[in-house]
Amino acid sequence: MSKASTRDKILDAALTLFSEKGYDGVGVDLIGERAGIKGPSLYRHFKGKEDILNSLIEKVGAYYELNFGSENHLGGIPESMEELLTFSMERIRFTMHDEMLQKIRRILVIEQFRNPRIAELTSKHHMDGLQGMFQKIFEAMMKKKILKMDDAETMALEFVAPVSLLIHTYDRQPEREAEVTEKIKKHFKHFAKVYGN
């Protein structure tokens, strides 16, 4: 087994276990067992449990930025309101159904009150980073006269806050997916009606 694949197995095992039991509820021996290695062998790849968590956060952060986007990686500016809605719904589907992102959201929710770094990441991923990304998108769309001129920061907050809330509803109650998706679409259409040119 190569070092890279062992490292990835450890991170995958930790992601699942932390999402099920919380960070404090998991020891390195259990992570090693789930990854198919002896606990002490884990230290060839990581300094300890905190190093695993930090590596996991970095891995998921890079994956999220590549596949969803961020303030620094917008992935193109929509050229119409229809494109904005399509662009947004594609990211919503990805966020809701990607297993890695579902698990990391659970970890963030569980650990946000115990770990200051996790609290900061939770705010970034659930609101601040999304708001910043869409603020930049809306500023560019206003320059192209696709959106009415307004306060892009407030518009971004209006756009992402209900969606974040609804995704958390889906996380708690996946059986409500159709209802959540319909509410998000309705919200986006209302936004387009209010701010579209």
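Above: the structure in question.
The structure presented is a predicted model; accordingly, all values stated were derived computationally and were not measured.

Caption draft 1: Structural detail: helix 6 (residues 116–143). Between its first and last C-alpha atoms helix 6 spans 38 Å; for 28 residues at 1.5 Å apiece the expected length is 40 Å, and the two agree. At lysine 124, helix 6 shows its largest kink, close to 55°. One side-chain oxygen at the N-terminal end of helix 6 lies 2.8 Å from the backbone nitrogen of arginine 117; it belongs to asparagine 115. Positioned one or two residues after helix 6, lysine 145 has a phi angle of 65°, which is positive.

Caption draft 2: Summary view of the pattern of salt bridges. Evaluation of the coordinates by the stated rule reveals eleven salt bridges. Its salt-bridge partner being glutamate 99, residue lysine 103 comes within 3.1 Å of it at the nearest N-O pair. In this pair, lysine 103 and glutamate 99 are both assigned in helix 5 (residues 99–111), four residues apart and thus about one turn of the helix distant. Judged by its relative accessible area of 13%, lysine 103 falls in the buried class. Here glutamate 179 ties to arginine 176 by a salt bridge, and the two come within 2.8 Å at their closest N and O atoms. Residue classification places arginine 176 among the partly exposed positions, given a relative accessible area of 26%.

Caption draft 3: Molecular detail of the side chain of serine 19. Counting through the fold element by element, serine 19 comes out in helix 1 (residues 3–21). One polar contact links the side chain of serine 19 to the main-chain carbonyl oxygen of threonine 16, over a distance of 2.8 Å. Beyond its immediate sequence surroundings of up to four residues, serine 19 is in contact with Lys103, Arg106, Ile107 and Ile110.

Conventions and cut-offs
Residues numbered from 1 in each chain as written. Predicted model: local features only at pLDDT ≥ 70, side-chain atom pairs only at ≥ 80, totals over all residues. Heavy atoms only, no water. Helix = DSSP H or I, 4+ residues; strand = E, 2+ residues; numbered from the N terminus. Expected span 1.5 Å × (residues − 1). Bend = angle between axes of the 7 residues up to and from the residue. Polar contact = N/O pair within 3.5 Å; in protein donor to acceptor, adjacent residues only side chain to side chain. Salt bridge = Lys/Arg side-chain N within 4 Å of Asp/Glu carboxyl O. Buried < 20%, exposed > 50% of the residue type's maximum accessible area, 1.4 Å probe, protein only. Contact = heavy atoms within 4.5 Å.

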